[in-house]
Structures are given as C-alpha cells and as structure tokens.
Amino acid sequence: MSDLQRFSVAMPEELLIQFDNLVARRGLAKNRSEVIRDLVRDALVDEEWDDPDQEIVGTLTIVFTHHAPDLQDKLDHIQHEHHDKIISAMHVHLDAHNCLEVIVLRGRSADIRGITEAILGVKGVKHGRLTATTTGRFM
Ligand code: NI
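This one's a predicted model, so the numbers in the text were calculated from it and none came from an experiment. Within each chain, residues carry numbers counting from 1 in the order of the written sequence. Given that this is a predicted model, residues contribute local features only at a pLDDT of at least 70 and side-chain atom pairs are listed and counted only at 80 or more, while totals for whole chains, interfaces and linings are drawn from all residues. Note that the side-chain values use all heavy atoms of the structure and ignore hydrogens as well as water.

(A) Quick look at the coordination of the nickel ion. Only N, O and S atoms count as donors, using a 2.8 Å cut-off from the metal and 3.2 Å for Na, K and Ca, and because water is excluded some sites may appear unfinished. Here the nickel ion is held by His91 (NE2), His93 (ND1) and Cys99 (SG), and the distances to it run 2.1 to 2.4 Å. Read in sequence order, the donor residues for the nickel ion give the motif H-x1-H-x5-C.

Here's what the structure looks like:
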C-alpha cells in the first residue's frame with residue numbers, strides 16, 4: 001500500500017453509529033479506515049463498470065438444468081466464441097438434475113455485459129448473476 005494520507009470526515013451521529021455497526025460486523029481485522037477504503041473501492045469498481053470501454057474483471061455464476069437438449073453445447077459454443085475474454089470456467093454437478101458454472105471474464109465492460117446477456121439468454125439457464133470486481137489497481 002502506498003503512503004497513507006489522513007483526512008477527517010464529518011457525518012451525522014446516527015449515520016456514524018450505523019457505520020460503526022458495519023465496521024463491527026466486518027470483524028476484528030477491520031477498522032473505520034479499512035472499511036472506508038473498502039467502500040471507496042466499491043464505488044470506483046461500480047464507476048469502472050459503468051464505462052463501456054473500461055477493462056474490467058468479473059465472475060458470472062449460472063445454474064442450469066442438466067437435461068435440456070443441447071444446452072451445454074450452446075453454453076460451450078458461446079464461451080469458445082469469446083475465448084479471449086473468458087479466463088477460466090468451473091463446472092459443478094450440483095445434483096442429478098442441475099449444473100453450476102462459474103465463468104471468469106476479463107475485457108471491455110460492454111463486451112463482458114454482452115457475453116453475460118448471451119449466456120443468460122440460453123434456454124434452460126435457471127439463474128445467473130454477474131459479479132463485478134476489479135483488475136486490482138485500486139489499492
Ligand atoms: Ni453438470
């Protein structure tokens with residue numbers, strides 16, 4: 001971490017009480033400064049994702065039925081089409097009927113969103129969620 005700069009923050013007492021409760025819930029390893037840094041990074045990641053040309057990293061988690069005809073082939077086809085933006089994928093056989101995949105994507109925000117929509121649009125995908133994270137430059 002680079003040199004730390006100090007600044008003071010003013011906020012209403014009630015908001016500070018709620019903030020301290022949040023700090024407490026995050027556990028002993030976190031203090032007010034750490035949690036403020038986390039919240040700032042969250043905001044910066046959100047902003048990064050709003051910019052269609054920004055390079056971003058995310059994970060797409062999907063659950064789908066094992067029984068739908070051609071579903072796995074369609075999902076594989078989309079992933080092969082975008083192999084340059086898909087870093088990794090993990091397949092879990094959840095039970096006799098359901099599969100889960102976690103797909104790690106890296107690329108332009110607009111491209112990652114497009115791939116996500118294509119995957120979620122495949123018939124038989126029951127649920128999916130894209131989680132935004134960062135390339136790690138917000139330290
Ligand atoms: Ni499976």
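Right, picking up where we left off after that structure.
(B) The nonpolar core, seen in detail. Core analysis: the biggest nonpolar cluster contains 18 residues, and Ile62, Phe64, Leu75, Ile103, Leu105, Ile119 and Val125 have the highest contact counts within it. Counting from the N terminus, the helices are DSSP H or I runs at least four residues long and the strands are E runs at least two residues long. Contributing elements (two or more residues each) for this core: helix H2 (32-50), strand E1 (55-65), helix H3 (71-81), strand E3 (98-108) and helix H4 (109-120). Broken down by element, the residue count for this core peaks at four residues, all from E1. With near-sequence residues (within four places) excluded, Leu75 lies in contact with Ile62, Phe64, Ile119, Val122 and Val125. Definition used in this section: a nonpolar core is a set of buried Ala, Val, Leu, Ile, Met, Phe, Trp, Tyr and Cys residues joined via side-chain atoms within 4.5 Å. Classification of residues uses two cut-offs on accessible area relative to the type maximum, computed with a 1.4 Å probe and protein chains only: under 20% is buried, over 50% is exposed, and between them is partly exposed. In this analysis, two residues are considered to be in contact whenever any of their non-hydrogen atoms come within 4.5 Å of each other.

(C) Quick look at the domain arrangement of the protein chain. Under the domain assignment, the protein chain is made up of domain 1 (13-50) and domain 2 (55-133). The straight-line distance from the C-alpha centre of domain 1 to that of domain 2 is 30 Å. Between domain 1 and domain 2, the contact holds four residues from the first and eleven residues from the second. We define buried area as the total accessible area lost by two parts upon association, computed with a 1.4 Å probe and summed across both. With both chains or domains summed, domain 1 and domain 2 bury close to 530 Å², and 65% of this area falls on carbon and sulfur atoms. Three residues, Val45, Glu48 and Trp49, lead the burial of domain 1 against domain 2; their summed loss comes to 96% of the area buried on that side. One speaks of a salt bridge when a side-chain nitrogen belonging to Lys or Arg is within 4 Å of a carboxyl oxygen belonging to Asp or Glu. The tally of links from domain 1 across to domain 2 stands at zero salt bridges. Polar contacts, as counted here, are pairs of nitrogen or oxygen atoms within 3.5 Å of one another; within protein the pair requires one atom able to donate a hydrogen and one able to accept it, and residues that are adjacent in sequence qualify only if both atoms are side-chain atoms. Between the two partners, domain 1 and domain 2, sit three residue pairs in polar contact (both at pLDDT 80 or more). Per the annotation, domain bounds derive from an automatic or database assignment of domains.

(D) Focus on the sheet that holds E1. Pairing between strands is defined by DSSP: at least two bridges between the two strands are required. Taking strand neighbours across the sheet as the criterion, the four strands line up as E2-E3-E1-E4 in an open arrangement whose pairing is antiparallel. Every interior strand has two partners, whereas the edge strands, strand E2 (86-93) and strand E4 (125-133), have only one. The sheet shows a mean angle of 15 degrees between the axes of neighbouring strands, taken without regard to direction. Pairing analysis gives eight bridges linking E1 to E4, with the strands arranged antiparallel. When the sheet's bridge partners are listed, Gly58 is paired in E4 with Ala132. The sheet strands contacting H3 are E1, E2, E3 and E4, and the helix crosses E1 at an angle near 170 degrees. Lines fitted to C-alpha atoms define the axes here, with helix axes fitted over just the stretch in contact, and angles between the N-to-C directions of these axes take values from 0 to 180 degrees.

(E) Expanded view of the pairing of E2. As paired strands, E2 and E3 are joined by seven bridges and run antiparallel to one another. Within E3, the position partnered with Ser88 by the bridge is Val104. Adjacent in sequence and paired antiparallel, E2 and E3 are bridged by four residues.

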